[in-house]
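# Structural overview for review
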Amino acid sequence: MTSEDAESVSNLAKSLEVDFERPQANGFLVYLHEIEEFARRSGLTDYFYVAERDSELVGYLMCYDNNALESLVEANVLNYEDGIVREVSKQERPYIFGDHIGVREDLTQGNIGRNLMETLFEDMREKGINRMYVGVLHSPVRNEASVSFVRSFGFEEVSEVSNSDGLIWGIYCRRQVL
C-alpha cells in the first residue's frame, strides 16, 4: 500500500467515525487508525481489499487470518479490542477476523461492501478457510446497519463481549462450505 493509498483509507475511515449522540443509520466505525497504522496493517495481511471508482477510493475491507491476528496481539496493537480478540483467538484455526469495512457514505447502497466481502469469501475458499469472525458494536449504541449487513451473508451471533473501554460487542461468525 502506498502512503497515498493509506491516506485515502484513513480519510474514508475518519468520515465514518461513530457519532455516539446521533449514530449513523448506514453504519459506522469505532476504532480508527492513523495513516501509518493502516499502511503497517496492510503489510501484515493478505486480506486487505480496496474498491475504487474513477481512480478514487470508495471502500475498503481489512481482515486478518489467525496468524496475523496473533502477531498484532503480540505487538500490543489490538489492546483496545481486548474482549473481541480474546474471544476470537479462542476459536478453532484457521479463521479470518474482519477488523474494518468502510464504504463511502453516499455509496452504501451500491454493493461495494458486498463485492469486497464476496472477494474475501472467494479467497478464503481458495485457501481452505471456512470461518470468519467479526465484532459489531452492541452498546452503548447498536450498529444495526452492520448487524443487518453481516447477517445478509449468513453470519450468526455467537457471543457478546466487553472490551476494557466498556463498549459491548456482538461476535458474529460465518461458516462457509469449501
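Notes on the structure in this doc start here. As the structure is a prediction and not an experimental result, all values here were calculated from the model.

What counts, and at which threshold
All residue numbers here refer to positions counted from 1 along the written sequence of the relevant chain. Totals for whole chains, interfaces and linings use every residue, but because this is a predicted model, local features are given only for residues with pLDDT of at least 70 and side-chain atom pairs only at 80 or more, for both listing and counting. Hydrogens are left out, water is left out, and the side-chain values use all remaining heavy atoms of the structure. In this description a helix means any DSSP run of H or I spanning at least four residues, a strand means any run of E spanning at least two, and both kinds are numbered starting from the N terminus. Here the globule rule is a power law, 2.2 Å times the number of residues to the power 0.38, and the radius of gyration is based on C-alpha atoms. Between buried and exposed lies partly exposed: a residue is buried under 20% and exposed over 50% of the maximum accessible area for its type, with that area taken using a 1.4 Å probe on protein chains only. In this description, contact between two residues means that some pair of their heavy atoms is separated by no more than 4.5 Å. Each accessible area value is a Shrake-Rupley result obtained with a 1.4 Å probe; residue values ignore everything except the protein chains displayed when judging cover. A residue counts as positive if it is Lys or Arg and as negative if it is Asp or Glu; His and the chain ends are not included. Here the site of a charge means atom NZ of a Lys, CZ of an Arg, CG of an Asp or CD of a Glu. What makes two strands pair is DSSP finding at least two bridges between them. Axes here mean lines fitted to C-alpha atoms, for a helix over just the part in contact, with angles spanning 0 to 180 degrees between N-to-C directions. In these notes, a set of buried Ala, Val, Leu, Ile, Met, Phe, Trp, Tyr and Cys residues joined through side-chain atoms within 4.5 Å is what counts as a nonpolar core.

### Section: the overall build of the chain
Scanning the chain from N- to C-terminus turns up six helices and six strands. Listed by position from the N terminus, the elements making up the chain come as α-α-β-β-α-α-β-α-β-α-β-β. Relative to the 2.2 N^0.38 estimate, which gives 16 Å for 178 residues, the radius of gyration of the chain is 15 Å and therefore close to what a compact globule would have. Projected onto the principal axes, the alpha-carbon positions of the chain cover approximately 40 × 40 × 35 Å. Taking all 178 residues of the chain together, the buried fraction comes to 48%. Of the contacts made within the chain by residues no fewer than 6 positions apart, 68% connect residues no fewer than 24 positions apart. Accessible surface, the chain: about 8,900 Å² in total, of which carbon and sulfur atoms supply 43%. Charge-centre separation for the chain: the mean point of 17 positive side chains lies 6 Å from the mean point of 32 negative side chains.

### A look at the sheet that holds strand β4 (residues 131–139)
Strand order in the open sheet formed by six strands is β1-β2-β3-β4-β6-β5, with mixed pairing between adjacent strands. The outermost strands of the open sheet, each flanked by one partner alone, are β1 (48–53) and β5 (156–162). Across this sheet, the average inter-strand angle for adjacent strands is 25 degrees, counted without regard to direction. Bridge count for β5 against strand β6 (residues 168–175) is six bridges, and the pairing is antiparallel. Across the sheet, residue Ser162 finds its bridge partner in β6, namely Ile168.

### Considering the nonpolar core
Ranked by size, the top nonpolar core spans 33 residues in total, and within it Val30, Tyr60, Leu69, Val88 and Trp169 carry the most contacts. Looking at this core, the elements that each hand over two or more residues are α1 (3–15), β2 (56–65), α3 (66–74), α4 (82–89), β4 and β6. Considering every element that reaches this core, the biggest residue donor is β2, with four residues. Setting aside residues up to four positions removed in sequence, Val30 forms contacts with Val18, Phe20, Leu137, Leu167 and Trp169. Listed in part, the 24 residues of the second largest apolar core include Val58, Leu116, Phe121 and Met132.

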